[in-house]
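# Observations on chain architecture
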Amino acid sequence: MSEPEKKEVSDKEKETAKQDEKEKDTAQGGKKTPVSGKAKPGSGKRSGTPSKGNKGAAEKGRSTPKGNAKSKTKEDVKAPTPDPTGETEEEEEGLPEGCVPLFMSAKSQEIFSCVCDTDVTEENPIKVIMKADIMEDFRNRAAVCDFHPVKQEVQDFPSDEIVIVYDPDFKFGQNFYIAVTEDAKEKILNPFGPEGEGGEGGEKEEEVVYKYIPPESKDWVSHGSEKEIKEENVVENRRRIKISARRIRKEFGAPCNFQDRNVADAKDAYVECTAYEDRTFELKKVELDKSIQAVPELTEQGTNTDWRYPRNANTQYYPREFSDKEKETVEKSNDLQTFTKDMVPRFELALQQNEIMDVFFIDWLHLGDADGSFGNKADNHLKEYQSFTDLQFSKDRTITAIQWHPTIKGVVAVAVAEKLSFDERIDNCAKVIMTPSLILIWSFTDPIHPQLLLEAPDDIYSFQFSPSDPNIICGGCYNGQVVLWDISAHADRLKQQRGSNRNKKSNVLLPPSPDKRLTFRNEGLLQPGFEDPNALKTPVVRYCAVSSIENSHRAAITDIQWVPDHMELNRMGVPQENKSLQACQIMSCATDYCVLVWDTRPVKGPGQLITAKETDKGPKNPIGVPNTFKHLDLSWKPILKVALHKSEPGGDHSPTKFTIQERQGDRGTLGKATDGTDLSKEAAMGGGYYTKPGSGKDKRTLQSVKTHFYVGTEDGEIVYVDWMPQKDQDTGKIQTPKPDFYHAIHDGPVNTLQRSPFFKDVVLCIGGWTFTLWKETVNSGPILQSAASTVKLSAGHWSPSRPGVFYIAKVDGSVDVWDLLDKTHEPCMTQNVSPVPITSLYPFPVSQKQHLMAVGDNAGTLHILEIPWSLRQPTANEYTGISNYFEREVKRRAFVVSRWDFREIEKRELEQEHKRKMGIAPNVQLTEEEIEYRQKQEYAAYLDEENTFLRELGLKDDDEPLPET
């Protein structure tokens, strides 16, 4: 037969066999029996034809279609085609060789995508599973995995694909069976093998050739997935930490010797690492899914009585009292009289004891509360009250200056700057320009977000609130410019209580702010209903005015102060009366060898300081900056320059800090003021200055104001100089006089120069590794000088409530508390505050019962510490004791100076005595003959000594004559 005819006969035989199987299954109750392989012993009862005992139940449990089994006759059922191998039907119904029954739960079916009647059916019972997926399930679910009974067979299986077959009728005991050998797998996948080896018809299937059609490219259609991918990307948003480890050359390869040591043997050997809340892990979620379900509102009510007939009723109680007759009986009773007689002596004794002392007073609880003590021993350390840091603006920066708000409690401002050296700033100048320079104003009501951000053209190293108007702030930049801010529009925001600026509601859509950095403030539009979107934003306040670069400092401004509001300086440095009592002048210093005085008023005429009320009437500029100091912006010039020349040639002094004696609020100098005309005459006669003060005809001169002030320099020097210019006797120019004195006393730059709040003439100076105390009338040196510390000192401040206490910060992150009444050679307490160097600190009395200290470190964190009672409450007569101590030190300093003079006189006397012994009479002129004679004598004595030396060496005979002189 030809190949087409063979193929046609084979197809007919297959269709006949399938039809016979269907008719047979219908006759047996619809059960389908697959023909595959030999039967395993012991599995024929469940997998093959039901036994006699179970046959009825099997037939009863299955539904037989009506008219199907009965209508079929034996003639209609044809026997299947006999297998060439000669195996019987009973053997073909058994479990195929190399297969094992396997039960798969619904969970496993979902994992491997072989859900019954969905992924695998009776028509397509075969499923191929990757071996790697099964091994992954072993690792995830271990013994719970349904493949665990055949774990070893799966592991030893040579191929990467494993075949399972769906058994819907549980013929072999489970709902699946698995091929654990390669031969069983091939028989299941290829039931029609080569000709002569089995299969129906023994015909070879025709090979099908598939043609590969390459896919066509299509345009990309975005569904928003790239945004999610971008949000999930890990981006470095913080600067990498640089660590430099150094070691001495001689210690390379040296062995390390470790030994035990008692903690109590060494000071500061024990450091307590207390647990604290790390704000680094408080991250905000980008997306949060929440489920919401609507449920009916539940109401629970109950009663314990059924009040069917309610009516109004009330009940009133009266005290039960004795009648008059009963009262008389009780008063005349013997028991009452006996009790009274017994209790009267005890009652009188108790009254007498209460008059003498309080018997209920607990001495232990009130121990240490006496006025003469230093406070409770258990309350003598600085407590951590609060800390402020911002992950965007202050993290990894250094805090350069701290100022408390003078009128609003709980508000503190800090200036932050980049931690870069001068060379690094030059290398990264472009990056520094792009980085915002800010002053952060924090409030205790919101410790997470700053209340205001003051923008500056460069990093701020010193700033101060105006003493007369706290809404005006002046600051000094790193590039030498002076900046002014006006925060009047945001004053209400600083006064709000906790959370009030974040809970405002409004049912009116607010228009956008002209400046996106500023919040839109319109209280009239705020109505309950919707949340104000601008309330959560931190306003960024732009500076109102900045000085001109050509007239500013040539170096970073390290200190800036407001001149007290009751005085002002004219162009000749003469202190005059300020009738407006509004602070209008600023003093600043930098390391460019000068101190400058700035005036915030208009240049022309004696106009007063422009207030915010006057400027708010006119239109503001497009970015929302008030016009308070519009007349100064980019044209501001200093009115007075104090140049710090040295007394001898070799350069000038580079100031870093300065302090003047006049204080804010000291109005006593106004009573001693005189007319400017008198002082002008005196100045013209004395040669100090000969011109009249500008626009000062009607202003009085403050005679009691001391024009000398202290200046601390970059070289650790203390300079005492007069800011009023004088006429130089040599050149005839009017310039700043040379300093009265200066002392190079410190071994590092001066970082603190502050007057005591209780003594105007006592100055605390800190620089390098030491600190000193100076008295204004003592020019020979400090009245107190500390020993060199093991750690460099970084900042300091006087206590605002105790005259003898001041605080000093160090670069190791600790704070020293010095109490001059207790110790003068070492601090009375040292406390660790931060793991990084401390850059500034500022104690401030918030209330009478609470004093806080703001401490800024090199990591940009602002620590608020609570000062204990013992350090804020002055002891009895502390002011008098400290005053006496300063007087004793002044006398000691005078004694030291007298001893210096005495030693100088003694030295001169010894020199004169030595000259007298040499025959040189004091103040006697010798003639030429006498001088020549004495020179000959000295030469003859020299020759004698030379000959004696040569004879001792044997180089000259004793008989040899001496040379003639």
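The structure presented is a predicted model; accordingly, all values stated were derived computationally and were not measured.

### Notes on the pattern of salt bridges
The full count for this structure, using the stated rule, is 21 salt bridges. One salt bridge in this structure joins E136 and R139, with 2.6 Å as the shortest N-O distance. With a gap of three residues between them, E136 and R139 both fall in helix α6 (residues 131-141), about one helical turn apart. On the basis of relative accessibility, which here comes to 59%, the residue R139 falls in the exposed class. With a closest N to O distance of 2.9 Å, D599 and R601 form a salt bridge. Across the pair, exposure class does not vary: D599 and R601 are buried alike. Salt bridges linked by common partners bring R239, R397 and E418 together as one network.

### Side note on helix α19 (residues 928-953)
It helps to recall that an α-helix has 3.6 residues per turn; residues three or four apart then point in one direction. Relative to the 38 Å expected for 26 residues at 1.5 Å per residue, α19 spans 38 Å between its end C-alpha atoms, a close match to the ideal helical length. Phi for G954, located one or two positions after α19, is positive at around 85°.

### Thoughts on the side chain of T752
Position of T752 among the secondary structure elements: in strand β29 (residues 750-755). Polar contacts involving the side chain of T752 include one to the side chain of N751, which spans 3.1 Å. Polar side-chain contacts of T752 include one of 3.1 Å to the backbone nitrogen of G796. Among all residues touching T752, those that are not within four sequence positions of it are K657, L764, C765, I766, A795 and G796.

### Let's talk about the sheet that holds strand β19 (residues 594-599)
Read across the sheet, four strands follow the order β15-β18-β19-β20 without closing on themselves; strand pairing throughout is antiparallel. Of all the strands in the sheet, the pair left with one neighbour each is β15 (557-562) and β20 (638-643). Averaged over all pairs of adjacent strands, the angle between strand axes in this sheet comes to 20°, irrespective of strand direction. Summarising the sheet, strand β18 (residues 585-590) and β19 pair through six bridges and their orientation is antiparallel. Bridging from a neighbouring strand, A590 pairs with C594 of β19.

### Considering the environment of I745
Its location among the elements puts I745 in the loop between β28 (741-744) and β29. For the pair I745 and G781, spaced 36 residues apart in sequence, the C-alpha separation works out to 8.6 Å. With residues up to four places along the chain from it excluded, the contact list for I745 reads G716, I718, T772, W774, P782 and Q785.

### Some thoughts on the confidence of the model for the protein
Here the protein averages 77 in pLDDT, and 75% of its residues register 70 or above. Residue range residues 1-9 is modelled with pLDDT below 50. Its contacts to residues more than four positions away, or to other chains, number three contacts.

### Brief notes about the sheet that holds strand β3 (residues 161-166)
Ordered in space as β1-β4-β3-β2, the four strands form an open sheet in which the pairing is antiparallel. Of all the strands in the sheet, the pair left with one neighbour each is β1 (99-102) and β2 (126-130). Averaged over all neighbouring strand pairs, the angle between strand axes comes to 30°, with direction disregarded. Two strands pair when backbone bridges link them, and β1 and strand β4 (residues 176-179) are joined in this way by four bridges, in the antiparallel orientation. What sits directly across from P101, in β4, is Y177. α6 contacts β2 and β3 of the sheet and is inclined by roughly 65° relative to β2. Against the sheet, helix α8 (residues 182-189) contacts β1, β2, β3 and β4, and its axis sits at roughly 55° relative to β3.

### As for the packing of aromatic side chains
Inspection of every chain in the model, using the stated rule, returns 22 aromatic pairs. Pairing Y166 with F176 gives two aromatic rings, centres 5.5 Å apart and planes at 45°, and the pair type is tilted. Remark: F176 occurs in strand β4 and Y166 occurs in strand β3; sequence separation between them is ten residues. The exposure class assigned to Y166 is buried, which follows from its relative accessible area of 9%. By relative accessible area, F176 is classed as buried at 1%. Pairing F759 with Y879 gives two aromatic rings, centres 4.9 Å apart and planes at 5°, and the pair type is stacked.

### A look at the side chain of R601
Relative to the elements of secondary structure, R601 occurs in the loop between β19 and α15 (612-615). A polar contact is formed between the side chain of R601 and the side chain of E568, at a distance of 3.0 Å. Here the side chain of R601 touches D599 through a polar contact of 2.9 Å, side chain to side chain.

### Some remarks on the nonpolar core
The biggest cluster of nonpolar side chains holds 24 residues, and the ones touching the most others in it are M587, V642, F709, V711 and W723. Those elements that provide at least two residues to this core are β16 (567-569), β18, β19, β20, β24 (708-713) and β25 (717-722). Ranked by the residues each element gives to this core, the list is headed by β20, at three residues. Ignoring any residue separated from it by four or fewer positions in sequence, one finds M587 in contact with D559, I560, Q561, V563, V595, L596, V597, F658 and I660. Membership of the second largest hydrophobic core comes to 22 residues, among which are L452, A456, F465 and V541.

### Let's talk about the pairing of strand β39 (residues 862-866)
By the criterion of burial, β39 is predominantly enclosed, with four of the five residues buried. Across five bridges, strand β5 (residues 383-388) lies against β39 in antiparallel orientation. Following the sheet pairing, K383 is matched in β39 by E866. Note: strand β38 (residues 850-857) against β39, five bridges, orientation antiparallel. Looking across to β39, one finds that A854 is bridged to I864. Hairpin connection between β38 and β39: a loop of four residues separates the two successive antiparallel strands, and G860 in this loop has a positive phi of roughly 85°.

Cut-off values and rules
Residues numbered from 1 in each chain as written. Predicted model: local features only at pLDDT ≥ 70, side-chain atom pairs only at ≥ 80, totals over all residues. Heavy atoms only, no water. Salt bridge = Lys/Arg side-chain N within 4 Å of Asp/Glu carboxyl O. Helix = DSSP H or I, 4+ residues; strand = E, 2+ residues; numbered from the N terminus. Buried < 20%, exposed > 50% of the residue type's maximum accessible area, 1.4 Å probe, protein only. Expected span 1.5 Å × (residues − 1). Polar contact = N/O pair within 3.5 Å; in protein donor to acceptor, adjacent residues only side chain to side chain. Contact = heavy atoms within 4.5 Å. Pairing = 2+ DSSP bridges. Axes fitted to C-alpha atoms, helices over the stretch in contact; angles between N-to-C directions. pLDDT = per-residue confidence, 0-100. Phe/Tyr/Trp six-rings, centres within 6.5 Å; stacked < 30°, edge-to-face > 60°. Core = buried A, V, L, I, M, F, W, Y, C linked by side-chain atoms within 4.5 Å.

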